[in-house]
Structures are given as structure tokens and as C-alpha cells.
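# Notes for the structure review
Each chain is listed here by its residues.
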Amino acid sequence: MAAANSNRRLTRTLYRALMRGGQQWVRLNSLAQEQGPRENGTLIQDLALRSVKANSSGWTDTLLGKSKEFSKLGTRFLVDADTFLSHNCVVDGEKGSVVYHGIEGLRAEFRRPTATPDEHAARLDQAMETLRWLSVGNMCAAEIYEKLEPRPKPPHIKYSIGDILWHKEYGWRGVVYGWSATCELGEGWLEQNDATDKAEFPFYNLLCNDGKLRYCSQLTHDRVEGPLEFLSTAAISDLDTQQIQGDIKTAQKYMDLYFHTFSHSHGAYIPNAHLARRYPEKRWKALEQSP
């Protein structure tokens with residue numbers, strides 16, 4: 001009798017966890033539909049692509065600390081969860097997505113009558129597998145959503161996404177694709193880059209005309225007019241030409257990833273919808289729902 005009561009309690013606990021997990025997954029999918037253009041039909045890969053286009057990758061570090069399986073398997077683990085939740089969830093013998101089957105489908109499958117103890121055990125195993133992948137998917141999606149939250153711009157940040165900045169000493173130019181209110185790197189980086197005295201001032205992610213991605217202080221840069229022009233082969237003939245040409249090709253791909261084109265009326269590059277949503281500006285407000 002005690003064993004039977006214990007099994008019933010475990011079954012009820014599994015059922016409640018499955019319903020909560022399914023409801024959260026459906027909610028997260030609905031939220032993705034509301035928040036602008038989809039990049040992929042499956043939720044986690046969609047959010048991962050959004051995070052790339054929004055210059056938001058910190059969620060991977062968070063998951064490394066939270067999930068031993070993610071630490072071992074990396075993104076393959078997330079793709080497996082995404083595939084199961086988007087294609088391989090079984091209800092009444094039919095494979096489909098959790099969203100397609102819905103909460104009622106998950107409930108009906110869990111409560112489906114079984115004729116033998118083996119069938120009952122198989123149904124519980126199936127529910128456990130679904131719950132496992134729901135837990136992974138919900139944890140991952142929630143972390144990415146958190147990192148994609150809009151960052152209101154403090155008044156002491158002078159420059160904006162899409163602006164072109166010029167280094168007052170070294171002369172490189174770069175387009176802003178991210179900012180932070182203070183330096184987000186550690187003391188070691190600050191000492192190495194002779195920037196300890198700048199730590200409490202704004203920093204910017206710059207995609208530079210020599211192909212480098214730099215993290216730069218507001219104190220060392222001014223805003224300049226006109227589109228970014230990458231260095232020509234002639235300008236780098238005395239340097240490591242092949243390496244810099246490779247950097248510039250990569251940088252040009254990042255330009256296409258982050259921005260649409262240069263707006264002469266704004267004197268800045270027009271960001272994609274995801275970058276515009278993460279770093280909101282009045283001038284780019286209409287872009288946040290653009291395809």
C-alpha cells in the first residue's frame with residue numbers, strides 16, 4: 001500500500017511538472033512571435049540567431065555554469081532539445097511540436113489509459129523524456145530572452161548604435177554595434193590596455209576599418225561623419241596584408257549581419273531589428289518590428 005501511494009505521488013508530481021513545463025514553452029514561443037521577425041522555425045535556434053544579430057552572447061557563459069550537459073556537449077545539446085520540442089514530441093502516436101499538440105495534447109497523452117504495466121511504464125518514460133527536454137529548452141530560452149532585454153541608454157553615453165567613431169590617437173575608425181555604461185572587462189584587461197583610469201566611463205563595441213573588433217573607451221573617441229571605409233590593399237601593403245585582408249572580409253560580413261545600409265540623413269548605419277530592439281533609440285524605433 002505504501003509503495004502504491006508513493007508511486008501515485010510521484011506520478012502526480014511528474015504530471016504537474018510536465019504541465020508547467022509545457023505551459024512555459026508555449027508562452028515562450030508566443031513571446032517570440034510578438035517580438036519581431038523570426039530567424040528560424042525552432043525556438044532555441046531562432047533566439048540564438050537573434051542573439052548573434054543583437055550582439056548578445058553572454059547567455060552561453062550563464063548556461064555553462066548552470067548545466068553540466070551543456071558544458072560537455074555545447075550547442076549540440078541545445079539543438080537536440082530544440083529538435084525534440086519542435087518535431088519529436090509524441091501524442092497519440094503522432095510526432096509534432098509541443099506547441100502543435102498544446103497543453104491539452106500533453107494532458108491527454110499523460111492520462112491515456114494503458115492496458116498493461118509495461119505500457120504504463122512506457123508512458124511515464126515518454127513523459128519523463130518530454131519533461132527533460134522541456135526543462136532544457138525553457139532554461140535556455142529564458143536565459144537568451146534575459147540577455148536580449150532592451151538596454152535603456154543612460155544620458156552619459158554620448159554615442160549611439162550605428163555611429164562612426166574615430167580614435168583620437170591611433171586614427172582607426174569604427175561603427176558602434178554595442179555599448180556599456182562602464183567597462184565590463186576585468187582589471188587584467190584594463191591594466192594591459194592602459195585603461196584603468198577609464199573603467200567607470202562608457203565603452204563601445206566597434207567594428208573597425210582595419211577589420212578588428214574593438215572594445216573602446218568613450219574618452220578616446222570622437223564621432224565623425226560619413227560611412228565607414230575599410231582599408232584598401234594599397235594602404236596596408238607594408239603590413240601583414242593577407243592577415244588584414246582576411247580580417248576585413250570577416251568585418252564586412254559582420255557589417256551585413258548588424259546593419260542594413262548607411263543613412264546620410266542620420267549620419268549613421270541603420271541597425272537590424274534585433275540590434276535596434278536591444279539598444280533602443282528614438283530614431284530607430286520603427287525598425288524593432290521590421291522583417
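A brief look at the structure comes next. What you see is a predicted model, and the numbers here were worked out from it, not measured in a lab.

Our next topic: the overall build of the protein. Across its full length, the protein holds ten helices and nine strands. For 291 residues, the compact-globule estimate of 2.2 N^0.38 gives 19 Å, and the protein exceeds it by more than 25% at 25 Å. Each principal axis of the C-alpha atoms in the protein carries an extent, and together these give about 80 × 40 × 40 Å. The proportion of buried residues among the 291 residues of the protein is 45%. Sequence separation of 24 or more characterises 60% of the internal contacts of the protein that already satisfy a separation of 6 or more. Surface exposure of the protein reaches about 15,700 Å², of which carbon and sulfur atoms provide 52%. Averaging the coordinates of the 36 positive side-chain charges in the protein and doing the same for the 36 negative ones gives two points 7 Å apart.

This model, assessed by the stated rule, comprises 14 aromatic pairs. Judged by centre distance (4.8 Å) and plane angle (15°), the ring pair of Y177 and Y258 falls under stacked. Of this pair, Y177 sits in strand 4 (residues 173-180) while Y258 sits in helix 9 (residues 241-258), and the two are 81 residues apart along the sequence. Judged on exposure class, the residue Y177 and its partner Y258 are both buried. On the basis of an interplanar angle of 50° and a centroid distance of 5.8 Å, the ring pair of F259 and Y269 is categorised as tilted. Of this pair, F259 sits in strand 8 (residues 259-263) while Y269 is found in strand 9 (residues 268-271), placing the two residues ten residues apart along the sequence.

Below, the discussion takes up unusual backbone geometry. Unusually for a residue other than glycine, D92 sits at a positive phi of about 55°. Phi is positive for D194, which is not a glycine, with a value near 50°. Here D194 shows up in the loop between helix 8 (187-192) and strand 5 (203-208).

Before going further, it helps to examine the pairing of strand 8. In summary, the side chains of a regular strand alternate between the two faces of the sheet. Relative to strand 9, strand 8 runs antiparallel, the two sharing three bridges. The residue bridging F262 from the neighbouring strand is Y269, located in strand 9. Where strand 8 folds back on strand 9, the antiparallel hairpin that results is connected by four residues, among which G267 adopts a positive phi of roughly 65°.

By size, the foremost hydrophobic cluster in this structure holds 36 residues, and its most contacted members are L43 and L78. Elements that contribute at least two residues to this core include exactly helix 1 (2-34), helix 2 (43-53), helix 3 (59-66), helix 5 (75-88), helix 6 (98-110) and helix 7 (117-147). Examining the composition of this core, we find that ten residues originate from one element, helix 7, more than from any other. Beyond its immediate chain neighbours, meaning those up to four positions away, L78 contacts I44, W59, L63, F70, V136 and C140.

Structurally, T42 can be placed in the loop between helix 1 and helix 2. Here N40 takes part through its side chain, which lies 2.9 Å from a polar atom of the side chain of T42. Reaching out from T42, the side chain makes a polar contact with the side chain of Q45 at a distance of 3.3 Å. Leave out the neighbours within four places in its chain, and T42 touches D82, S86 and H87.

So, about the pattern of salt bridges. Within the structure shown, the criterion is met by 15 salt bridges. In this structure, D46 and R38 form a salt bridge, with 2.8 Å as the shortest nitrogen-oxygen distance. For D46, a relative accessible area of 0% corresponds to the buried category. Relative accessible area serves as the criterion here: at 25%, R38 is assigned to the partly exposed category. Ionic pairing is found between D80 and R76, a salt bridge with its closest N-O pair at 3.0 Å. Taken together, the positions of D80 and R76, both in helix 5 and four residues apart, correspond to about one turn of that helix.

Conventions adopted
Residues numbered from 1 in each chain as written. Predicted model: local features only at pLDDT ≥ 70, side-chain atom pairs only at ≥ 80, totals over all residues. Heavy atoms only, no water. Helix = DSSP H or I, 4+ residues; strand = E, 2+ residues; numbered from the N terminus. Rg over C-alpha atoms; globule rule 2.2 N^0.38 Å. Buried < 20%, exposed > 50% of the residue type's maximum accessible area, 1.4 Å probe, protein only. Contact = heavy atoms within 4.5 Å. Areas by Shrake-Rupley, 256 points an atom, 1.4 Å probe, with all protein chains shown as cover. Lys, Arg positive; Asp, Glu negative; His and termini not counted. Charge placed at Lys NZ, Arg CZ, Asp CG, Glu CD. Phe/Tyr/Trp six-rings, centres within 6.5 Å; stacked < 30°, edge-to-face > 60°. Pairing = 2+ DSSP bridges. Core = buried A, V, L, I, M, F, W, Y, C linked by side-chain atoms within 4.5 Å. Polar contact = N/O pair within 3.5 Å; in protein donor to acceptor, adjacent residues only side chain to side chain. Salt bridge = Lys/Arg side-chain N within 4 Å of Asp/Glu carboxyl O.

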